[in-house]
Amino acid sequence: MAVPVSEGVMKQVLREGSGAPPNPGQTITVHCTGSLANPPKKFWSTKDPGQQPFSFQVGLGKVIKGWDEGCLSMRNGEIARLFIASHKGYGQGGFSAWGITPNADLVFEIEIVSIQ
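Note that the structure is a prediction, hence the values are computed from the model and not measured. (Residues numbered from 1 in each chain as written. Predicted model: local features only at pLDDT ≥ 70, side-chain atom pairs only at ≥ 80, totals over all residues. Heavy atoms only, no water.)

So, about the overall build of the protein chain. When helices and strands are tallied, the protein chain shows one helix and seven strands. The N-to-C order of helical and strand elements in the protein chain reads β-β-β-β-β-α-β-β. The C-alpha atoms of the protein chain give a radius of gyration of 13 Å, which matches the 13 Å a tight globule of 116 residues would have. Taken over the C-alpha atoms alone, the protein chain extends approximately 35 × 35 × 25 Å along its principal axes. (Helix = DSSP H or I, 4+ residues; strand = E, 2+ residues; numbered from the N terminus. Rg over C-alpha atoms; globule rule 2.2 N^0.38 Å.)

This is the structure we're talking about:
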C-alpha cells in the first residue's frame, strides 16, 4: 500500500531498509528504474546493460523534487516504489531525451545501495 511522503509523492515499500534515513547533503547511491505512469512505459534503468548505480547528494535539488522527497524518507537497503506527480517530476517541460512527455506522472522503483 502506498502512503504519502508529501503532496504529489506517494511511496510503497517493497523491502524494508535499516538505519536512519539520509540527511540532506549526504551522498546516496541508488539502483532505480523509471517509468511513465500512464501509459506504463520504462524510460531508464540503472540495471540495464552498460548502466551503473546512480549517486547524488540528496535534498539539495540535484534531482527532481519527487526523488529528493522520496529518498529522504528511505533507509539503507530499502526498495520502494515512488509515485511522482508531474509537478514533482519534469513538469510542463517533460524530458524528451527519455521520452517523458510534458505533465507526465512518473513511477520509480528505487533501492538505496549506500548512504555516505
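Here the narrative resumes.
With that out of the way, let us pick up the pairing of strand E1 (residues 3-6). As judged from the three bridges shared by E1 and strand E2 (residues 9-15), these two strands associate in the antiparallel manner. Following the sheet pairing, Val 3 is matched in E2 by Lys 11. (Pairing = 2+ DSSP bridges.)

Okay, the pattern of salt bridges next. Summed over all chains, the structure comprises six salt bridges. The salt bridge partner of Arg 81 is Glu 109, with a shortest N-O separation of 3.1 Å. Note that Arg 81 is positioned in strand E6 (residues 79-84) and Glu 109 in strand E7 (residues 106-115), a separation of 28 residues in sequence. For Glu 109, a relative accessible area of 32% corresponds to the partly exposed category. (Salt bridge = Lys/Arg side-chain N within 4 Å of Asp/Glu carboxyl O. Buried < 20%, exposed > 50% of the residue type's maximum accessible area, 1.4 Å probe, protein only.)

This part takes up the nonpolar core. Core analysis: the biggest nonpolar cluster contains 22 residues, and Val 30, Phe 56, Trp 67, Leu 106, Phe 108 and Ile 110 have the highest contact counts within it. Not counting residues within four places of it along the chain, the set of residues in contact with Trp 67 comprises Val 30, Cys 32, Trp 44, Phe 54, Phe 56, Ile 84, Phe 108 and Ile 110. (Core = buried A, V, L, I, M, F, W, Y, C linked by side-chain atoms within 4.5 Å. Contact = heavy atoms within 4.5 Å.)

We now examine the side chain of Thr 29. Mapping Thr 29 onto the fold places it in strand E3 (residues 27-37). Thr 29 gets classed as buried once you look at its relative accessible area, which sits at 12%.

Within the secondary structure, Lys 47 is located in the loop between strand E4 (40-45) and strand E5 (54-57). Sequence-wise, Lys 47 and Gly 89 are 42 residues apart; in three dimensions their C-alpha atoms are separated by 21 Å. Excluding its chain neighbours within four sequence positions, the residues that come into contact with Lys 47 are His 31 and Glu 111.

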